[in-house]
Amino acid sequence: MTSPSPATPPGDPVQLRGPVPPQGAPVPGFVPPQGPPAPWAGQPTGWVPPPQQGAWPPPAVPFAPNGQPLASFADRLLAYLLDGLILGLIGMVFTVPLMILWMVTVMDWTAANSGYSDAYGQPVPDEFFQLFGTMMVVFAGIIAVNIALTYLYLVEYQLRKGGETVGKRVMKLRVIKVQPGELLTRGDLTKRWAVERMAGIFVPFFSYLDGFWQLWDKPLQQCLHDKAAKTVVVKVG
């Protein structure tokens, strides 16, 4: 005769939960998720699935030999335009008085009518060449002022600021030497200024060629004035 099993006290967790299935056995009522396994199932820990077919990886950022990222064309263009605006405003302080001088000279010459005093109504050569000479002096003065301003700004000022102009500082750019560890010198910046500004004055369309050269120059994205001075422009922020 089998002895009856002892009654389970009320509130016992076994009585509340019912029988516990053995470990590893399927739980009644549980339906595993259906569908094919992931293609990377069973790969070792840390494995990253490849990008989906047709997805383009992000473009690699080019770097200077010292490890800093190179400045983009857009950043350099904006810095150039900002520096040009600053130089233009400063240049007006000097060029406007020269233009006023030229206008006053022309008005005086016209009001006096001294250029048409001969019997045939032709300008007197001395008077005409005097006016023409004044015009040449004014134009030469404007060119000389602009050359001096660009030199002081792009060479002397930029040297004291460690390779940065106001435009470059706003765009977080800096001029450095290609060879890591070399210091930027006045001679380097003078070469950059001479090729960028002086050649741009006397050679038609050279400024455009110089500026766009960085778009196809690899791997340092240099303009022609960068190549002349062995420099690159990097992003510092």
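Structure: above.
Residues numbered from 1 in each chain as written. Predicted model: local features only at pLDDT ≥ 70, side-chain atom pairs only at ≥ 80, totals over all residues. Heavy atoms only, no water.

### Considering the packing of aromatic side chains
Here's step 1: Overall, the coordinates contain 4 aromatic pairs when judged by the stated rule.
Here's step 2: Ring centres 5.5 Å apart and planes at 5° place the aromatic pair Tyr 153 and Tyr 157 in the stacked group. Linking Tyr 153 with Tyr 157, this pair stays in helix H3 (residues 125-160), spanning 4 residues, or about one helical turn.
Here's step 3: On the basis of relative accessibility, which here comes to 8%, the residue Tyr 153 falls in the buried class.
Here's step 4: Note on Tyr 157: relative accessible area 26%, which makes it partly exposed. (Phe/Tyr/Trp six-rings, centres within 6.5 Å; stacked < 30°, edge-to-face > 60°. Helix = DSSP H or I, 4+ residues; strand = E, 2+ residues; numbered from the N terminus. Buried < 20%, exposed > 50% of the residue type's maximum accessible area, 1.4 Å probe, protein only.)

### Some thoughts on helix H5 (residues 186-202)
An α-helix turns once per 3.6 residues; consequently, residues spaced three or four apart project the same way.
Here's step 1: The terminal C-alpha atoms of H5 lie 23 Å apart, and with 17 residues this matches the ideal 24 Å at 1.5 Å per residue to within 8%.
Here's step 2: Of the residues making up H5, those classed as buried are Asp 188, Leu 189, Arg 192, Trp 193, Glu 196, Arg 197 and Ala 199. (Expected span 1.5 Å × (residues − 1).)

### Re the pairing of strand E1 (residues 173-177)
Here's step 1: For E1, a buried count of 4 out of 5 residues is recorded, marking the element as mostly surrounded by other parts of the structure.
Here's step 2: Where E1 lies against strand E2 (residues 231-235), 5 bridges are found, and the strand directions are antiparallel. Each residue of the ladder has a partner; that of Ile 176, found in E2, is Val 232. (Pairing = 2+ DSSP bridges.)

### Considering the pattern of salt bridges
Here's step 1: Taken as a whole and judged by the stated rule, the model has 10 salt bridges.
Here's step 2: A salt bridge links Glu 156 to Arg 160; its shortest N-O distance comes to 3.0 Å. Taken together, the positions of Glu 156 and Arg 160, both in helix H3 and 4 residues apart, correspond to about one turn of that helix.
Here's step 3: Residue Glu 156 is classed as buried on the basis of its relative accessible area of 15%.
Here's step 4: The network of salt bridges with common partners includes Arg 76, Arg 192 and Asp 226. (Salt bridge = Lys/Arg side-chain N within 4 Å of Asp/Glu carboxyl O.)

### What about the environment of Leu 215?
Here's step 1: Here Leu 215 is to be found in the loop between helix H6 (206-212) and helix H7 (224-229).
Here's step 2: On the basis of relative accessible area, Leu 215 is assigned to the partly exposed category, the value being 43%.
Here's step 3: A C-alpha to C-alpha distance of 9.1 Å links Leu 215 and Ser 72, two positions 143 residues apart in sequence.

### Observations regarding the side chain of Thr 150
Here's step 1: Looking at the secondary structure, you find Thr 150 in helix H3.
Here's step 2: Apart from residues lying up to four places away in sequence, Thr 150 is in contact with Leu 87, Val 155, Trp 193 and Arg 197. (Contact = heavy atoms within 4.5 Å.)

### Side note on the nonpolar core
Here's step 1: If you look at the biggest cluster of nonpolar residues, it comprises 14 residues, and the most contacted ones within it are Leu 173 and Val 233.
Here's step 2: Those elements that place two or more of their residues in this core are helix H2 (73-112), H3, E1 and H5.
Here's step 3: Here this core takes 4 residues from H3, the largest share from any one element.
Here's step 4: With sequence-adjacent residues up to four places away left out, Val 233 is seen in contact with Leu 70, Ala 71, Arg 76, Leu 173, Arg 174, Val 175, Arg 192 and Asp 226. (Core = buried A, V, L, I, M, F, W, Y, C linked by side-chain atoms within 4.5 Å.)

### A word on unusual backbone geometry
Here's step 1: Lys 218 connects to Pro 219 through a cis peptide bond whose omega is 5°.
Here's step 2: By secondary structure assignment, the location of Pro 219 is in the loop between H6 and H7.
Here's step 3: At Lys 172, a residue that is not glycine, the phi angle is positive and equals roughly 60°.
Here's step 4: Mapped onto the fold, Lys 172 is located in the loop between helix H4 (166-170) and E1.
Here's step 5: The phi torsion at Lys 230 lies on the positive side, around 55°, for a residue other than glycine.
Here's step 6: Inspection of the secondary structure assignment puts Lys 230 in the loop between H7 and E2.

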